Amino acid sequence: MKRFARLNTLSALLLAASLTTGIAHAQLAPSAPAAGAPTQASEARKANIVIIGTGGTIAGAGAAATNTAAYQSAVVPVDKIIASVPEISKIANVKGEQVFQIGSESFNNERLLKLGKRVSELLKQPDVDGIVITHGTDTIEETTYFLNLTLKSDKPVVVVGSMRPGTALGADGALNLYDAVLVASSPESRGKGTLAVLNDEIHTGRDVTKSNTFKIETFRSPFGPLGYVVEGRTLYYRLPARPHTMQTEWDIDKIDKLPEVAVVYAYGNVNPASIDAAVKNGAKAIVYAATGNGSVGDYMVEPLKAARAKGVQIVRASRTGGGVVVRNAEQPDDKYDWLVTDDQLPQKARILMALALTKTNDTKELQKIFWKY
Ligand code: ASP
């Protein structure tokens, strides 16, 4: 609690500085501006933010304060999490809503759609200015990307998690949640797509990925975060280059089912039967998380071609964690009628492919979608 007391003192000092210098720190506004001081619309009233709880470590609890990585996730209700960070009520009017109480590894298409539709419903309410979603960190990158592609609103939507449960020494959830509410309340966050906020950083849903199993600085975007949250200020430095939310062809309200897309992970001695299994299980596309630049072992080419002959789309991705899979380089994609992911990680390509298949099954059109988003 000491840290937050200190934060408030500094916030008050910063606010005072902003009022005298005329620099707007809209998010800080914990009290009425002094007479004659410049005001902003956002300072005139606190934003109304709905905090949706879905579980994860941010809702986790350990047996001892020293349990930073071994604990039970998804046990603390969202209202209790909000109540544990009283500083939030100084920056926004918040309301909690529990949609799930699960580890994010348990997200599936049905849950993703349910969450997205509820967020969309809330965004349509004129008295809601933004949404924060508390979420497990394991699949934040998938949920955030999915919402980034399907929500039809400019209002800020921020997905937040933590790497340590609230019971741990050095817990990161309280500050992450405070920062997420700041970002969701900030007028500057409008029109930037669905964002992920953790560890003082603001990431775009397109790029963010979890890169470490236990460290607090686990989230990274290959081209860097969009901005920082520092001492109660939301600071943006970059914009997402690829289309999102209002600019995309998908509307969460109009999607009731996502087609099955499988990810098959490549490794030395990968079993070709894994391709057949995906086909038999009804996959409409297979994202092949290949080695290097989307390389396909000689004994895997025929099974993938056979799957394509059955109408299943084949998407070459890379398991390296970064970089572009170059079309027609490691494999003759034109000849085999295969696709490449651009720079999308296999788990992100799975989301994009599932959405793309709701629009078209034409390989050329599907490839354009990968280049575009
Ligand atoms: N397994 C947890 C989850 O994703 C991990 C976390 O939240 O950090 O729900």
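Because the structure is a prediction, the values reported are computed rather than measured.

(A) Here's a closer look at the nonpolar core. Judged by nonpolar contacts, the single largest core of 49 residues is most densely connected at Ile52, Val119, Ile131, Ile133, Phe146 and Met353. Looking at which element gives the most residues to this core, the answer is helix α10 (residues 346-357), with eight residues. Look past the residues within four positions of isoleucine 52 in its chain and what remains in contact with it is Val78, Glu97, Val99, Leu115, Val119, Leu122, Ile131, Val132, Ile133 and Thr134. Listed in part, the 29 residues of the second largest apolar core include Ala59, Ile91, Leu195 and Val229.

(B) Summary view of the pattern of salt bridges. Summed over all chains, the structure comprises 17 salt bridges. Arginine 45 is paired through a salt bridge with aspartate 129; the nearest N and O atoms lie 2.9 Å apart. Of the two residues, arginine 45 is situated in the loop between α2 (41-44) and β1 (47-55) and aspartate 129 in the loop between α4 (109-123) and β3 (130-134); the sequence distance between them amounts to 84 residues. Arginine 45 sits in the partly exposed class, given a relative accessible area of 47%. With a shortest N-O distance of 2.8 Å, arginine 327 and aspartate 334 are connected by a salt bridge. In this structure arginine 327 comes out as partly exposed when scored by relative accessible area, which is 23%. Note on aspartate 334: relative accessible area 54%, which makes it exposed.

(C) Quick peek at unusual backbone geometry. Although it is not a glycine, asparagine 328 adopts a positive phi angle of roughly 60°. Following the sequence through the fold, asparagine 328 ends up in the loop between β13 (313-318) and α9 (333-336).

(D) Inspection of helix α8 (residues 298-309) at higher detail. Helix length check: α8, at twelve residues, gives a terminal C-alpha distance of 18 Å against a target of 16 Å (1.5 Å per residue), a fit within 8%. Buried within α8 we find Met300, Val301, Pro303, Leu304, Ala307 and Arg308. Lining the buried residues of α8 we find α7 (273-280), β12 (285-290), β13, α9 and α11 (363-372). One or two residues past the end of α8 sits glycine 311, with phi positive at roughly 100°.

(E) Here's a closer look at the site of the ligand. All residues in the neighbourhood of the ligand are listed as Gly56, Thr57, Gly103, Ser104, Glu105, Gly136, Thr137, Asp138 and Ser162. In the model, an oxygen atom of the ligand is placed 3.0 Å from a nitrogen or oxygen of the aspartate 138 main chain. One of the backbone N or O atoms of serine 162 is found 3.3 Å from an oxygen atom in the ligand. Across the complex, the protein chains shield 91% of the 260 Å² of accessible surface that the ligand would expose by itself.

(F) Layout of the confidence of the model for the protein chain. Per-chain confidence: the protein chain averages 90 in pLDDT, with 88% of residues scoring 70 or above. The least confident element of the protein chain is helix α1 (residues 2-21), whose mean pLDDT is 34; the most confident is strand β4 (residues 157-160), at 99.

(G) Local environment of the UniProt feature "binding site: substrate" (unreviewed entry) in the protein chain. If you check UniProt for "binding site: substrate" (unreviewed entry), the listed places come out as Ser104, Thr137 and Asp138 in our numbering. The named residues occupy 35 residues along the chain; their greatest pairwise C-alpha distance, 6.8 Å, places them in one compact cluster. With respect to the helices and strands, threonine 137 occurs in the loop between β3 and α5 (140-150). Take threonine 137: its relative accessible area is 4%, and that puts it in the buried class. Apart from residues lying up to four places away in sequence, threonine 137 is in contact with Ser104, Gly161, Ser162, Met163, Leu198, Lys210 and Phe219. Following the sequence through the fold, aspartate 138 ends up in the loop between β3 and α5. For aspartate 138, a relative accessible area of 37% translates into the label partly exposed.

Reading the values: rules and limits
- Residues numbered from 1 in each chain as written.
- Predicted model: local features only at pLDDT ≥ 70, side-chain atom pairs only at ≥ 80, totals over all residues.
- Heavy atoms only, no water.
- Core = buried A, V, L, I, M, F, W, Y, C linked by side-chain atoms within 4.5 Å.
- Buried < 20%, exposed > 50% of the residue type's maximum accessible area, 1.4 Å probe, protein only.
- Helix = DSSP H or I, 4+ residues; strand = E, 2+ residues; numbered from the N terminus.
- Contact = heavy atoms within 4.5 Å.
- Salt bridge = Lys/Arg side-chain N within 4 Å of Asp/Glu carboxyl O.
- Expected span 1.5 Å × (residues − 1).
- Near = heavy atom within 4 Å.
- Polar contact = N/O pair within 3.5 Å; in protein donor to acceptor, adjacent residues only side chain to side chain.
- Areas by Shrake-Rupley, 256 points an atom, 1.4 Å probe, with all protein chains shown as cover.
- pLDDT = per-residue confidence, 0-100.
- UniProt positions renumbered as here; feature names shortened; annotations may be inferred.

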